[in-house]
Amino acid sequence: MGSGQVTAPGTSQSPEPYRFRGRHITVAGLGVSGLPAARALHGLGAHVTVVNDGDDDRARTQAAGLEELGITVRLGEQAASTLPEGTELVVTAPGWKPGKPLFAAAEQAGVPVWGDVELAWRLRGQGAPPWLAVTGTNGKTTTVRMLASILEAAGLRTAAVGNIGVSLLDAVLGDEPYDVLAVELSSYQLHWSSSVRAHSAAVLNLAPDHLDWHGSMEAYAADKGRVYEGNRIACVYNADATDKPSTEDLVREADVEEGCRAVGFTLGTPGPSQLGVVDGILVDRAFVEDRQGSAQELAEVADVDPPAPHNIANALAAAALARAYGVPAAAVRDGLRAFTPDAHRIAHVADVDGVAWVDDSKATNTHAAQASLAAYESIVWIAGGLAKGAAFDELVAGSAKRLRGVVLIGADRALIREALARHAPEVPVVDLARTDTGAMLQAVQEAKRLARPGDTVLLAPACASMDMFANYNRRGEAFAQAVRELGA
């Protein structure tokens, strides 16, 4: 149990019904999860009070809309730190840290704390669609969208929901009769969930991330591992992982339903109960009758866009969850072919004078950047931003032989420069001291100077963007615009 977390009542396989009408419920946080939670609980007859630590114009506008419905809203740091009198349940936005005073007060008062995902699980109606759940440090959104595409190719009514941007509450309470849901779950959401029980689930990978929130790598991994609790059919894990704890370790520790199977995915030749790759073909040795002696062809590596190693791993994980649900092999192939990756995820921007320019602005940590760098042979790397406490020695040492040159931007670029000096001293480095948004155009110009025909200029910052840009999307857009100006 994480610090500040209170176990919700009814955490068994079939959670006890919770009576909302007439209950005094506090919703912590406005935004994409808090607003629908407050509205849903109010609609169920609860007395809802929303607390939010922000008190800006946006928060006041959101508060006014809720107050028109009869929902009480309290804004400001003091309000967000105080448990409203009479509170019987707290429903929190996933990003609120467990150490906040509100949760300490709830624990002291014996008040349970749920996240929005826990609330959605509790509000499912009879005959609700099962969940195929995905978590991991990197690749969650891509894998969930691949999974949804495969399920749709099989003729199933589905949606990609959860941390992907579509509210689980909207999916659960809406009128759409889904057959199955493809659910992305963050470590924050899993921390605040106690009774969620997926049909099948996957942890794609584990690498240090959000440790300031979770407190330690062990706590972060434990929250990720919650996705396996109570799985009915398959716990899908990364058979290639070497870090400890590994995703397979999390499977071993999970309390699952009897008969639930561990299913691995690998970029190599799969063993029994695994999915993998043989001669450019994605194959299944888990969901076939003779797992010892046969394999089912699912798709070609060329059907995966882009066919970078980490994205093939995403495709295998999506295929494993779909196959656990009974999807035929042809639907895996058709779904992968139909899938279009989101912007800023190892996206090819242009070819200019024989040099490929690739935007992977979504690579906001070292694990994601490592996967991106592994996809190309000769790279001019644009990197830097907010390090979030990360170290870069392992990333640089593992990628040094691929680097033609490096252009560094952002507030914490010195950390990467120092790692380059230790592990790749022969690689030319351009260190841009400016941190305004115009620095991206200069970075692209410097990268062009370093690159040779056949190289790839890769924006894979290994850092967050907020020192220079509003988000990683804006950073990627600035890169693409600069490349377009370069080729004009």
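Above this text you will find the structure in question.
Right, let's walk through the structure included here. (Residues numbered from 1 in each chain as written. Predicted model: local features only at pLDDT ≥ 70, side-chain atom pairs only at ≥ 80, totals over all residues. Heavy atoms only, no water.)

This part takes up the side chain of Asn138. When you line up the elements, Asn138 lands in the loop between strand S6 (131-135) and helix H6 (140-153). Polar side-chain contacts of Asn138 include one of 2.7 Å to the side chain of His367. What Asn138 contacts, discounting residues up to four positions off in sequence, is Leu204, Asn205, Asn365, His367 and Ala368. (Helix = DSSP H or I, 4+ residues; strand = E, 2+ residues; numbered from the N terminus. Polar contact = N/O pair within 3.5 Å; in protein donor to acceptor, adjacent residues only side chain to side chain. Contact = heavy atoms within 4.5 Å.)

Strand order across the open sheet formed by 6 strands is S15-S16-S20-S17-S18-S19, with mixed pairing between neighbours. Two strands bound the open sheet, and with one partner strand each, they are strand S15 (347-352) and strand S19 (429-431). Averaged over all adjacent pairs, the angle separating strand axes in this sheet is 15°, with direction ignored. (Pairing = 2+ DSSP bridges. Axes fitted to C-alpha atoms, helices over the stretch in contact; angles between N-to-C directions.)

Let's shift gears to the packing of H6 against helix H13 (residues 329-338). Where H6 contacts H13, the axes come no closer than 7 Å and their chain directions differ by 125°. The angle between H6 and H13 falls in the class oblique. The chirality of how H6 crosses H13 is right-handed. Facing H6, whose interface residues are Met146, Ser149, Ile150 and Ala153, H13 presents Ala331, Val332, Asp334, Gly335, Leu336 and Ala338. Split by residue class, the contact of H6 with H13 holds 7 nonpolar, 2 polar and 1 charged. (Parallel < 35°, antiparallel > 145°, perpendicular 65-115°, else oblique. Left-handed = near helix turned anticlockwise from the far one by under 90°. Nonpolar A, V, L, I, M, F, W, Y, C, P; charged D, E, K, R; others polar.)

Counting across every chain of the model gives 5 aromatic pairs. Aromatic pair Trp357 and Phe479: ring centres 6.2 Å apart, planes at 45°, arrangement tilted. Of this pair, Trp357 sits in strand S16 (residues 355-359) while Phe479 sits in helix H18 (residues 472-487), placing them 122 residues apart in sequence. Judged by its relative accessible area of 1%, Trp357 is buried. Linked through ring pairs, Trp96, Phe103 and Trp192 together constitute an aromatic cluster. For the cation-ring pair, Arg124 lies above Trp121, with the distance from its terminal atom to the ring centre recorded as 3.4 Å. (Phe/Tyr/Trp six-rings, centres within 6.5 Å; stacked < 30°, edge-to-face > 60°. Buried < 20%, exposed > 50% of the residue type's maximum accessible area, 1.4 Å probe, protein only. Lys NZ or Arg CZ within 6 Å of the ring centre and 35° of its normal.)

The next point concerns the pairing of strand S11 (residues 261-265). Two faces make up the sheet, and in a regular strand the side chains alternate between them. The pairing of strand S10 (residues 234-238) with S11 spans 5 bridges and is parallel. Within S11, the residue paired with Val236 across the bridge is Val263. Where S11 and strand S12 (residues 274-278) come together, 2 bridges link them in parallel fashion. Within S12, the residue paired with Gly264 across the bridge is Gln274.

Orientation of H6 relative to helix H12 (residues 309-324), taken along the N-to-C sense of each, is 45°, at an axis distance of 8 Å. Overall, the two elements H6 and H12 adopt an arrangement that is oblique. Relative to H12, the crossing made by H6 is right-handed. Contact residues: H6 offers Thr142, Thr143, Met146, Leu147 and Ile150, while H12 offers Asn311, Asn314, Ala315, Ala317, Ala318, Ala319, Leu321 and Ala322. The residue inventory of the contact of H6 with H12, partitioned by class, reads 9 nonpolar, 4 polar and no charged.

What follows covers unusual backbone geometry. Cis geometry is found at the peptide bond from Asp305 to Pro306, where omega equals -10°. With respect to the secondary-structure elements, Pro306 resides in the loop between strand S14 (296-300) and H12. In this structure, Lys388 is a non-glycine residue whose phi angle is positive, near 55°. Its location among the elements puts Lys388 in the loop between strand S17 (379-383) and helix H15 (393-399). Lys388 sits in the partly exposed class, given a relative accessible area of 47%.

Under the criterion given, the structure shown has 19 salt bridges. Between Glu88 and Arg23 there is a salt bridge; the shortest N-O distance is 3.6 Å. With Glu88 in the loop between helix H3 (77-81) and strand S4 (89-92) and Arg23 in the segment before strand S1 (24-28), the pair connects residues that are 65 residues apart, well separated along the chain. For Glu88, a relative accessible area of 32% translates into the label partly exposed. The structure contains a network of salt bridges with shared partners spanning Asp55, Asp57 and Arg60. (Salt bridge = Lys/Arg side-chain N within 4 Å of Asp/Glu carboxyl O.)

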